[in-house]
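# Overview (structure and organization)
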Amino acid sequence: MRMINYISIIAVPATIFLILLYGLIEKKAVFDIFIKGANDGVKMVIKIFPTLVGLFLAIGALSSSGVLDFIINLIKPILICTKIPPEIMPLAILRPISGSGSIAVATDIMKKYGVDSLIGLMVATIMGSTETTLYTIAVYTSSVNIKKTRFVLFAALAADITGMIASVVIWRILSKSFS
Amino acid sequence: MLNVIWPIFIIISYMYAIINGNVEKINNAVFEYTEMAVNLTITLLGTMCLWNGLVEIASNTKLISIINKILNPIVNFLFTNSKNNKKIHKEISMNLIANLLGLGNAATPLGLKAMKSMQEQNENKERLTDDMATLIILNTASIQIIPTTVIGIRMSLGSLQPTKIIFAVWFSTICAAIVGIVVTKMCIKLKL
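An account of the accompanying structure is given in this report. Owing to the predicted nature of the structure, the values given are computational and were not obtained by experimental measurement. Counting restarts for each chain, with residues numbered from 1 along the sequence as it is written. By the order in which they are written, chains take letters starting at A while ligands take numbers starting at 1. Only residues with pLDDT of 70 or above have their local features reported here, since the model is predicted, and side-chain atom pairs are shown and tallied only from 80 upward, although totals for entire chains, interfaces and linings are computed over all residues. Water and hydrogen atoms play no part in the side-chain values, which are based on all heavy atoms of the structure.

### Quick word on the overall build of chain B
Segments assigned H or I by DSSP are reported as helices when at least four residues long, segments assigned E as strands when at least two residues long, and all are numbered from the N terminus. Counting its regular elements, chain B contains 8 helices and 0 strands. Written out in order from the N terminus, the α and β elements of chain B read α-α-α-α-α-α-α-α. With the C-alpha coordinates aligned to their principal axes, the bounding extent of chain B is approximately 65 × 40 × 25 Å. Remark: exposure states derive from per-residue accessible area (1.4 Å probe, protein chains only) relative to the maximum for the residue type, with buried under 20%, exposed over 50%, and partly exposed in between. Out of the 192 residues belonging to chain B, those deemed buried represent 49%. Any two residues having at least one pair of non-hydrogen atoms within 4.5 Å are treated as being in contact. The long-range fraction of contacts in chain B, counting pairs at least 24 apart against all pairs at least 6 apart in sequence, stands at 58%. What sets the accessible areas is the Shrake-Rupley method with a 1.4 Å probe; for residues, cover comes only from the shown protein chains. Counting only carbon and sulfur atoms, one obtains 66% of the accessible surface of chain B, whose full area is about 9,500 Å². Charged residues are defined narrowly, with Lys and Arg counted positive, Asp and Glu counted negative, and His plus the chain ends left uncounted. Charge coordinates come from a single atom per side chain, which is NZ of Lys, CZ of Arg, CG of Asp or CD of Glu. Taken together, the 16 basic and 10 acidic charged side chains of chain B have centroids lying 13 Å from each other.

### Digging into helix 3 (residues 63–78) of chain B
Here helix 3 of chain B spans 23 Å end to end across 16 residues, near enough to the 22 Å set by a 1.5 Å rise per residue. Helix geometry: helix 3 of chain B is bent most strongly at Leu 71 of chain B, by close to 40 degrees, with proline Pro 73 of chain B lying one to four residues after it. For helix 3 of chain B, the complete set of buried residues consists of Leu 63, Ile 64, Asn 68, Leu 71, Val 75 and Leu 78 of chain B. Elements that come into contact with the buried residues of helix 3 of chain B comprise helix 1 (2–25) of chain A together with helix 2 (23–59), helix 4 (86–100), helix 6 (130–141) and helix 8 (166–189) of chain B. The span you would expect from a helix comes to 1.5 Å times its residue count less one. Note on bend: the value at a residue is the angle between axes fitted to the seven residues ending there and to the seven starting there.

### A look at the environment of Ser 65 of chain B
All names here are of chain B. Tracing the backbone through its elements, the reader meets Ser 65 in helix 3. Along the primary structure Ser 65 and Pro 162 are separated by 97 residues, whereas in three dimensions their C-alpha atoms are 30 Å apart. Within 3.5 Å is the distance limit for a polar contact, defined as a pair of N or O atoms, with the added protein rule that one can donate a hydrogen and the other accept it, and that residues adjacent in sequence qualify only through two side-chain atoms. A distance of 2.8 Å separates a polar side-chain atom of Ser 65 from the backbone oxygen of Lys 62.

### With respect to the interface of chain B and chain A
The figure often quoted for interface size is the accessible area lost as the parts come together. In this complex, chain B contributes 96 residues to the contact, which on the side of chain A involves 89 residues. Together chain B and chain A conceal approximately 8,300 Å² of surface at their shared face, both sides included; 77% is due to carbon and sulfur atoms. By salt bridge we mean one thing: a side-chain nitrogen of Lys or Arg within 4 Å of a carboxyl oxygen of Asp or Glu. Between Glu 32 of chain B and Lys 111 of chain A there is a salt bridge whose closest N-O contact spans 2.9 Å. Scanning the region where chain B abuts chain A turns up 23 residue pairs in polar contact (both at pLDDT 80 or more). Those elements that provide at least two residues to the side of chain B that touches chain A are helix 1 (2–20), helix 2, helix 3, helix 5 (104–121), helix 6, helix 7 (148–156) and helix 8 of chain B. With 24 residues, helix 2 of chain B is the single largest residue contributor to the side of chain B that touches chain A. Note that Gly is not counted as nonpolar here; it falls among the polar residues with everything else outside the nonpolar set of Ala, Val, Leu, Ile, Met, Phe, Trp, Tyr, Cys and Pro and the charged set of Asp, Glu, Lys and Arg. The residue makeup of the side of chain B that touches chain A, split by class, is 57 nonpolar, 28 polar and 11 charged. What gets called buried area is simply the loss in accessible area from a 1.4 Å probe that two parts show on being joined, summed for both.

### With respect to the environment of Leu 54 of chain B
Counting through the fold element by element, Leu 54 of chain B comes out in helix 2. Residue Leu 54 of chain B is classed as buried on the basis of its relative accessible area of 3%. Leu 54 of chain B has contacts with Ile 16, Ile 19, Leu 20 and Phe 34 of chain A, leaving out every residue within four places of it along the chain.

### Here's the deal with the packing of helix 2 (residues 30–65) of chain A against helix 5 (residues 99–113) of chain A
Residue and element names in this part refer to chain A. The interhelical angle for the contact between helix 2 and helix 5, taken along N-to-C directions, is 50 degrees, at an axis separation of 9 Å. If you check the angle between helix 2 and helix 5, you find them oblique. Crossing handedness for the pair helix 2 and helix 5: right-handed. Here helix 2 contributes Thr 51, Leu 52, Leu 55, Phe 56, Ile 59 and Ser 63 to the contact with helix 5, which in turn contributes Ser 100, Gly 101, Ile 103, Ala 104, Val 105, Thr 107, Asp 108 and Lys 112. For the contact of helix 2 with helix 5, a count of residues per class yields 7 nonpolar, 5 polar and 2 charged. Working convention: axes come from line fits to C-alpha atoms, limited for helices to the stretch in contact. Angles between N-to-C directions cover 0 to 180 degrees. Should an angle lie under 35 degrees it is considered roughly parallel, over 145 roughly antiparallel, and from 65 to 115 roughly perpendicular; all remaining angles are considered oblique. The crossing is said to be left-handed when, going from far helix to near helix, the turn is anticlockwise and less than a right angle, and right-handed when the turn is clockwise.

### Things to note about the nonpolar core
Among buried residues, the Ala, Val, Leu, Ile, Met, Phe, Trp, Tyr and Cys ones that are joined through side-chain atoms within 4.5 Å form a nonpolar core. Core analysis: the biggest nonpolar cluster contains 51 residues, and Ile 92, Met 115, Met 118 and Leu 135 of chain B have the highest contact counts within it. Contacts of Leu 135 of chain B, omitting those with residues within four sequence positions, involve Tyr 140 of chain A together with Phe 79, Ile 92, Asn 95, Gly 111, Ala 114, Met 115 and Met 118 of chain B. The next biggest cluster of nonpolar side chains, apart from the first, holds 44 residues, and it includes Leu 52, Ala 92, Ile 119 and Ala 124 of chain A.

Given below as structure tokens:
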């Protein structure tokens, strides 16, 4: 288990090291290229900011008014037998539909239950391992005017559900062996 | 769709709060959550700048062709229709590399380019080919080496070790991708 923790710690610095090393060896204008790329990063984040504010507002209202807890309580009996924590359900439902919306929900859950708590870690892992499936399918098929999407939605949702279950299972295993 | 759902969510929340007598709570939350959005954006500015800059360096070096070589057998195995079409293969590889590096915004245009090339070979223009379906599934699985956005979110919430989730994310994302591909291959075999 220490190994797994070590891999997570070393992944970022190792990637940065490798990239910079290659840049130096090939004698690229590393810093200039970095600035150019970083500029695009700023534009991207600024572009999603208004959407984030709007959706955080909606999730904040749903969460603080008690509507979200009310819905969770409704579906709780089904979840208890599957061992999926009911707290992560709002994210599971929203994740395939809306990218910024799921960021808002995930942040809300992590804040509520603690970012380093078991639920916080599960939620973060779900966010990292799944995509806004419906949006992706829509963009890819409509770009070439295709109407018959065959089994794609089914296969993509199967993958999403697997990702969510795997996120829950892996943290159940990891947290057991850490303690 | 959000034009309807968004106001309804907020109106329902206020109504529910009024009935249950916790209007004050929701009032505070409105400002607290907009502030959360600001904090998250500031943290994301840092992480996204750093990561985009680094990846820009990577895409200017031979690292890209090394990853490409590693991916090649996988691409050959997954995309059987366009086996002999080098152009399509290259576009697919570039899309997968952008995904691996966590560049969602760069991955989409590259993926759409591959879709366009595959559509040119497609006999039934209304229906996805097997390869097109596979490409979409791989893009919905979001396989990435460093999950930058989530690390950013964890940082903005004051996590003690924001990168702690990396291994778990690899595990889940690979499970998801494998299931996605197996289901896809099965559906293709069944001629769905």
